[in-house]
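Commentary on secondary and tertiary structure
Listed below, chain by chain, are the residues.
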Amino acid sequence: GSLTVHSPAGRSPWSVGPVRPGGLATLSARADTGEAWTQIAQMVVRGVSGSAGSQELSLTLEDNLGALYDPVTLPAMLAQGAPIDAADVIARIADEAGVPHDVVTSGSPLSAVILEPGRTRWDVVQEIARCTMGAAWLSETGVLTYRPRQMLRAGDPVETIVADESLEDLPWTISGDEVAQ
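The structure presented is a predicted model; accordingly, all values stated were derived computationally and were not measured. (Residues numbered from 1 in each chain as written. Predicted model: local features only at pLDDT ≥ 70, side-chain atom pairs only at ≥ 80, totals over all residues. Heavy atoms only, no water.)

1. Things to note about the pattern of salt bridges
- Using the criterion set out here, one finds 4 salt bridges in the structure.
- For glutamate 96, the salt bridge is made with arginine 121, and the minimal N-O distance between the two is 2.9 Å. In this pair, glutamate 96 is assigned in helix H2 (residues 86-97) and arginine 121 in helix H3 (residues 121-131), connecting sequence segments 25 residues apart.
- Overall, the relative accessible area of 34% leaves glutamate 96 in the partly exposed class.
- Relative accessible area serves as the criterion here: at 9%, arginine 121 is assigned to the buried category.
- For the salt bridge of glutamate 127 with arginine 130, the shortest nitrogen-to-oxygen distance reads 2.7 Å. Of the two residues, glutamate 127 and arginine 130 are both situated in helix H3; the distance of 3 residues between them amounts to about one turn of the helix.
- According to the relative accessible area criterion, arginine 130 is partly exposed, its value standing at 38%.
- What you see here is one network of salt bridges that share partners, running through Asp70, Glu96 and Arg121. (Salt bridge = Lys/Arg side-chain N within 4 Å of Asp/Glu carboxyl O. Helix = DSSP H or I, 4+ residues; strand = E, 2+ residues; numbered from the N terminus. Buried < 20%, exposed > 50% of the residue type's maximum accessible area, 1.4 Å probe, protein only.)

In structure tokens:
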């Protein structure tokens, strides 16, 4: 994605320090003017545009989730072989990668996770989600999110599509890397 920073007159967005590709950008937000800032994401800067004299700085940003694509190692909590909830395994993998997470208990105990050589943490998270009929995805703020099958297949619909006579196009994009298969 991209972010454009507009600075008040007389103040340059460049005064904070040099912003370079490969560096990190922290995005913070607050509910109201008097409220404290809360960090909502940390992203990698892929591109910078604007001039030092301008009041505008544009950044091209990417999720800082590289550690999810590193080879997975066996978390110590699985080495003992005691059953553990699938969501706890996903949370431990996220912790190991330094990625914020929001997981809900699955009710699916695992007594072992078989790690094939070369598999990434993301591969294992997706495999666990698939095997438990849950879903794991990365939110727009870089939070690894897991929901068990009970939350995906219960309750009333939250969206309704009304088409006059026919439905010709419904804009929707999702990649295979973002869903449990």
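2. Side note on the nonpolar core
- Val89, Val125, Ile128 and Leu144 are the most contacted members of the largest nonpolar core, which has 22 residues in total.
- Of all the secondary structure elements, the ones that give two or more residues to this core are H2, H3 and strand S9 (144-147).
- Counting residues per element, this core draws most heavily on H2, at 7 residues.
- Sequence-distant contacts of valine 125, that is, excluding residues within four places in its chain, are made with Ile90, Ile93, Ala136 and Leu144.
- In terms of nonpolar packing, the next biggest core, distinct from the first, is built from 6 residues, Ala25, Met43, Leu59 and Leu61 among them. (Core = buried A, V, L, I, M, F, W, Y, C linked by side-chain atoms within 4.5 Å. Contact = heavy atoms within 4.5 Å.)

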